[in-house]
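# Notes for the structure review
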Amino acid sequence: IPLVLLDRAVYSVFSDFVSSDNKYGGRCATEHLIINGHQKIGIILGGGATYTADNRLEGYKEALARHKIAGHEDWVSRGSYSQESGYEGAGALRKQGVTAIFATNDLIARGIYRYAQDHGLQIGTDLSVVGYDNTEICDWLVPPLTSVEQNMLSMGETAVDLLLRQMEEEEHPKPAQNYYYMPLLRQRKSVGSPKK
């Protein structure tokens, strides 16, 4: 049966795999916060121990190490890809003194915005946030959310092309390959310098 894995790797399944480079995306989001002067950067993970969450976390840690920032386990909040995880995670991370948060999807970021509103914090001034997925939520939020965009259209087209190729080459299939797309940071107004 023709099979392509899209955006989620299954370690025991060997097939063509199409994904965004989540590790690079995590590094890019974190480095954007570092470039803006943040040293205490939290991350809110969704999805438990999934391929995407693991790789985004790895990119976050890599960015901290590259800039000689000692990361702390207390700066990592684990939950689901939901607003509730963003809200609860923001509360826990603020207690650790973080000035910026990398939300591993835009729904988590929406929860951080709700937390900020309920606690009198200004996003981009008191707390900086970078999301992931660059969904339509980004432009609805005030201020608009900086987010990492995955090239979903190209990823979907590649997955369909691979399935069609597999159907045509049923008798002599090519070896499975990985196809990675580079994500892109879409900068808006949710990131500023930390307060002195």
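Whatever comes next refers back to the structure up there.
Residues numbered from 1 in each chain as written. Predicted model: local features only at pLDDT ≥ 70, side-chain atom pairs only at ≥ 80, totals over all residues. Heavy atoms only, no water.

This brings us to the environment of Thr 99. As for its placement among the helices and strands, Thr 99 is situated in the loop between helix 3 (83-95) and strand 5 (100-103). Along the primary structure Thr 99 and Val 10 are separated by 89 residues, whereas in three dimensions their C-alpha atoms are 35 Å apart. Apart from residues no more than four positions distant in its own chain, Thr 99 is found in contact with His 38, Lys 40, Arg 94, Asp 126, Leu 127, Ser 128 and Pro 194. (Helix = DSSP H or I, 4+ residues; strand = E, 2+ residues; numbered from the N terminus. Contact = heavy atoms within 4.5 Å.)

Further remarks concern the packing of aromatic side chains. Taken as a whole and assessed by the stated rule, the structure comprises four aromatic pairs. Ring centres 5.5 Å apart and planes at 80° place the aromatic pair Tyr 87 and Tyr 115 in the edge-to-face group. With Tyr 87 in helix 3 and Tyr 115 in helix 4 (residues 106-118), this residue pair connects regions lying 28 residues apart in the sequence. A relative accessible area of 22% means that Tyr 87 is categorised as partly exposed. Tyr 115 gets classed as buried once you look at its relative accessible area, which sits at 11%. Seen from their ring centres, Phe 102 and Tyr 132 are 6.2 Å apart, and the 45° between their planes marks the pair as tilted. Taken as a pair, Phe 102 in strand 5 and Tyr 132 in strand 6 (residues 128-132) lie far apart in primary sequence, 30 residues in all. Each member of the pair, Phe 102 together with Tyr 132, is buried. These aromatic residues form a ring-pair network of at least three members: Phe 17, Tyr 51 and Tyr 180. The ring of Tyr 132 carries Arg 56 above its face, with NZ or CZ at 3.7 Å from the centroid. (Phe/Tyr/Trp six-rings, centres within 6.5 Å; stacked < 30°, edge-to-face > 60°. Buried < 20%, exposed > 50% of the residue type's maximum accessible area, 1.4 Å probe, protein only. Lys NZ or Arg CZ within 6 Å of the ring centre and 35° of its normal.)

This structure, assessed with the given rule, holds eleven salt bridges. For Glu 58, the salt bridge identified is with Lys 23, shortest N-O distance 3.2 Å. Of this pair, Glu 58 sits in helix 2 (residues 51-66) while Lys 23 sits in helix 1 (residues 22-35); the two residues are 35 residues apart in sequence, bridging distant segments of the chain. Assessed through its relative accessible area of 40%, Glu 58 is described here as partly exposed. Of the residues examined, Lys 23 reaches a relative accessible area of 25% and is grouped as partly exposed. Across the pair Arg 78 and Glu 73 runs a salt bridge, and its minimum N-O distance is 4.0 Å. Both residues of the pair, Arg 78 and Glu 73, belong to the exposed class. When salt bridges with common partners are traced through the structure, they connect Lys 23, Arg 27, Glu 58 and Glu 62 into a single cluster. (Salt bridge = Lys/Arg side-chain N within 4 Å of Asp/Glu carboxyl O.)

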